[in-house]
Amino acid sequence: MNMRLLLVTVLVATTSLAQTGTPRYTGIKVHHKVAIQMRDVLDMFKRDGIDLELNGATQTVIVDAYSFSKNRRLPQKAAAIAMGTDNDNGINIWVNLDIWEYMSYERQLITLLHELGHDYFNLKHSDDIDDLMYFQLSPNRVTMKDVYNYYKQLAPLCKNKLQ
């Protein structure tokens, strides 16, 4: 079996605090090389009491990983792309393994937040360099503080979308 296509289920919805003290989720199919980062992104929302309703029952939720260099139709320099933009029946994010594996953990989290912005909220790119939806992440070093600041740009949108 091709490991790049192996999908694992990240636990969603049911909270299990027994081993790690953090929420776990069920019903989302996530490539094994992206699973920890996606869980951590979803945990940010969960900790703020925001349920994105990504339970797999109402939406198809897939985060997969590919080598973009093997498909000329995919943007070679993109770290990830939202394949389900303007499709409210699901979330489909493709991560570029050619770049992903060389990114810092913080950049990976910001990339997933950015792609959720496209795919979950149908947001377009911004011209504001400080905006999560700016088309390119700053070449400067990013920290967890940066990750949280970008997350805070999406959190209010969640509350509006789910009302």
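Quick note: structure is the one above.
A brief report on the enclosed structure follows.

Reading the values: rules and limits
Residues numbered from 1 in each chain as written. Predicted model: local features only at pLDDT ≥ 70, side-chain atom pairs only at ≥ 80, totals over all residues. Heavy atoms only, no water. Helix = DSSP H or I, 4+ residues; strand = E, 2+ residues; numbered from the N terminus. Core = buried A, V, L, I, M, F, W, Y, C linked by side-chain atoms within 4.5 Å. Buried < 20%, exposed > 50% of the residue type's maximum accessible area, 1.4 Å probe, protein only. Contact = heavy atoms within 4.5 Å. Axes fitted to C-alpha atoms, helices over the stretch in contact; angles between N-to-C directions. Left-handed = near helix turned anticlockwise from the far one by under 90°. Nonpolar A, V, L, I, M, F, W, Y, C, P; charged D, E, K, R; others polar.

Moving on to unusual backbone geometry. Unlike most non-glycine residues, Asn122 shows phi in positive territory, near 60 degrees. Here Asn122 shows up in the loop between helix 3 (105-119) and helix 4 (144-161).

Below, the discussion takes up the nonpolar core. Judged by nonpolar contacts, the single largest core of 38 residues is most densely connected at Phe45, Val95 and Leu113. Elements supplying a minimum of two residues to this core: strand 2 (28-31), helix 1 (35-47), strand 3 (60-66), strand 5 (90-96), helix 2 (97-100), helix 3 and helix 4. Ignoring sequence-local partners within four residues, the contact set of Phe45 consists of Ile50, Leu52, Leu113, Leu116, Tyr151, Leu154 and Cys158. Listed in part, the five residues of the second largest apolar core include Phe68, Leu74, Ala78 and Ile81.

With that settled, the discussion passes to the packing of helix 1 against helix 3. Where helix 1 meets helix 3, the axes come as close as 9 Å, and the angle between the chain directions of the two elements is 65 degrees. Two packed elements cross with a definite hand, and for helix 1 against helix 3 that hand is right-handed. On helix 3, the residues that touch Gln37, Met38, Asp40, Val41, Met44 and Phe45 of helix 1 are Tyr105, Gln108, Leu109, Leu112, Leu113 and Leu116. Taken together, the residues that form the contact of helix 1 with helix 3 break down as nine nonpolar, two polar and one charged.

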